[in-house]
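A look at the structure
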Amino acid sequence: MSTTTAISTAADYVNAPLLYKGKVREIYDLGEHFLIVVTDRISAFDYVLSPAVPDKGNVLNRISKFWFEKTADLMPNHVIHTDLEKLPQGLIRDNDKMKHRFMVTKKAERIDIECVVRGYITGGGWRQYQKTGEINGIKLPEGMRKNEKFPQPIFTPAAKNDVGHDEDISFERMEELVGKDIAAELRCQSLKLYEFAHAYCAERGIVLADTKFEFGIVDGKVILIDEVFTPDSSRFWAKENYALDIEIDSMDKEPVRTYLAGSGWDKNSEPDPLPDSVVSETSRRYRDILNRLTGQ
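Rules used throughout
Residues numbered from 1 in each chain as written. Predicted model: local features only at pLDDT ≥ 70, side-chain atom pairs only at ≥ 80, totals over all residues. Heavy atoms only, no water. Core = buried A, V, L, I, M, F, W, Y, C linked by side-chain atoms within 4.5 Å. Buried < 20%, exposed > 50% of the residue type's maximum accessible area, 1.4 Å probe, protein only. Helix = DSSP H or I, 4+ residues; strand = E, 2+ residues; numbered from the N terminus. Contact = heavy atoms within 4.5 Å. Expected span 1.5 Å × (residues − 1). Phe/Tyr/Trp six-rings, centres within 6.5 Å; stacked < 30°, edge-to-face > 60°. Lys NZ or Arg CZ within 6 Å of the ring centre and 35° of its normal. Axes fitted to C-alpha atoms, helices over the stretch in contact; angles between N-to-C directions. Left-handed = near helix turned anticlockwise from the far one by under 90°. Nonpolar A, V, L, I, M, F, W, Y, C, P; charged D, E, K, R; others polar.

Quick notes on the nonpolar core
For soluble globular proteins, the rule of thumb is that nonpolar side chains tend to be buried together. Among the nonpolar cores identified, the biggest contains 46 residues, and Trp67, Met174, Phe213 and Phe215 are the most heavily contacted of them. Secondary-structure elements contributing two or more residues to this core are helix H1 (56-70), strand S9 (113-120), helix H4 (171-178), helix H5 (180-203), strand S15 (206-218), strand S16 (221-225), strand S17 (234-238) and helix H7 (276-294). A total of 7 residues in this core trace back to one element, the largest contributor, which is H5. Once residues lying within four places of it in the same chain are set aside, the contact partners of Met174 are Ile113, Cys115, Phe155, Pro157, Ile169, Gly179, Ala183 and Leu186. Listed in part, the 14 residues of the second largest apolar core include Ala10, Tyr28, Leu35 and Met98.

Here it is in C-alpha cells:
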C-alpha cells in the first residue's frame, strides 16, 4: 500500500466553519469565497467505505484544476486559486497534507441538475435501453450493442439528490425544473465540453465514455462548478481495452466495485473494511489516470 497518509476529513487541518460534508468533498466558509477540500474518502453504492484511499483526493483535485484551466475559454468556472501562499495566515494547520487537495472558489448558487453526457451506450444507460429502447426518454435505434458509440453524444440529465441516487429525468422535465433558457444553455455547454475532452483523451489513448457536470449561477451567469472530468465524475476506458458486448474495466475505483460485488455484501448495511490490496490498487489507478491525462 502507498505510504502516503490518507486524509478522511479536512476538519483537523482547516480553521474555518464547515458548511457541507459530502461523500468526498468538504466545503468551508471563507466569507467571500468557499474553500473546497477533496478528501481521500471513497464511496460505492451510496456508502462511504473504509479505509480512505491514499492520494485519491489530491489526484482528483489536480485533475479538476487541470481541466478547469484547460476549458476556461469554453466555459467560465468557479475557481479563484489553488495557491497555499494566497490563503489567510493560520487557515491551514498542515500545508504538506493540504497543498494539492483544495480550491478557493466563488460562492455559486448550485443548479440542482446533474448534467450527464453519454458518448457510448454502457452502464445505467445500457440497462435503460435494454428495458425500454430509450435513455431518459430519448428513443434510440434498435439493435445497438453494449459499449457502442453513439453517432452523436446524448444529454441525459438527472435531478440532484443530496441523499441517495440522483433521479434520471427527461429534458422536458428539466425545462420544467430550471426553465427553458437555462436548460438549453446547460445542454449546449455540456455537449461542447464533452466533445472537447473526448478529443483530448483520444489523443492520449483514453476513451471518455461518459461524464457528468454541475453548474451554478454567479452574478446571473451560469458557470461550471464542483469537479470536472475526474475518475469520480467520468467513465474512462483505456483505448486498448475497448470492445463491444463486454464489461470494460474502467480507469477508476473499479477494483472496489469488483471486490464488493464478489464479497457477499448486501448493499444495505455498513460494509467491512476494504482489503489492503484493493486500496493499494485503487490508489495506483487514480495516480495512473492523473499521469495519463496531465503528465503530472
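Side note on H5
Over its 24 residues, H5 runs 35 Å from end to end, which matches the ideal 34 Å to within 8%, given 1.5 Å per residue. Where H5 terminates, the next one or two residues include Gly205, which has phi positive at roughly 70°.

What to know about the packing of aromatic side chains
Evaluation of the coordinates by the stated rule reveals 13 aromatic pairs. Put simply, the rings of Phe66, Trp67, Tyr200, Phe213, Phe215 and Phe229 touch in pairs and so form one group of aromatic residues. Between the NZ or CZ atom of Arg204 and the centre of the ring of Tyr200, over which it lies, the distance is 3.5 Å. Here the guanidinium or amino end of Lys267 rests over the ring plane of Phe45, the centre of that ring lying 4.1 Å away.

What about the packing of H1 against H5?
Taken N-terminus to C-terminus, the directions of H1 and H5 make an angle of 115°; their axes are 12 Å apart at the nearest point. Pair H1 / H5 crosses with right-handed handedness. For the pair formed by H1 and H5, the contact residues are Phe66, Trp67 and Lys70 on the first element and Phe196, Ala197, Tyr200 and Cys201 on the second. Of the residues that constitute the contact of H1 with H5, the class distribution is 6 nonpolar, no polar and 1 charged.

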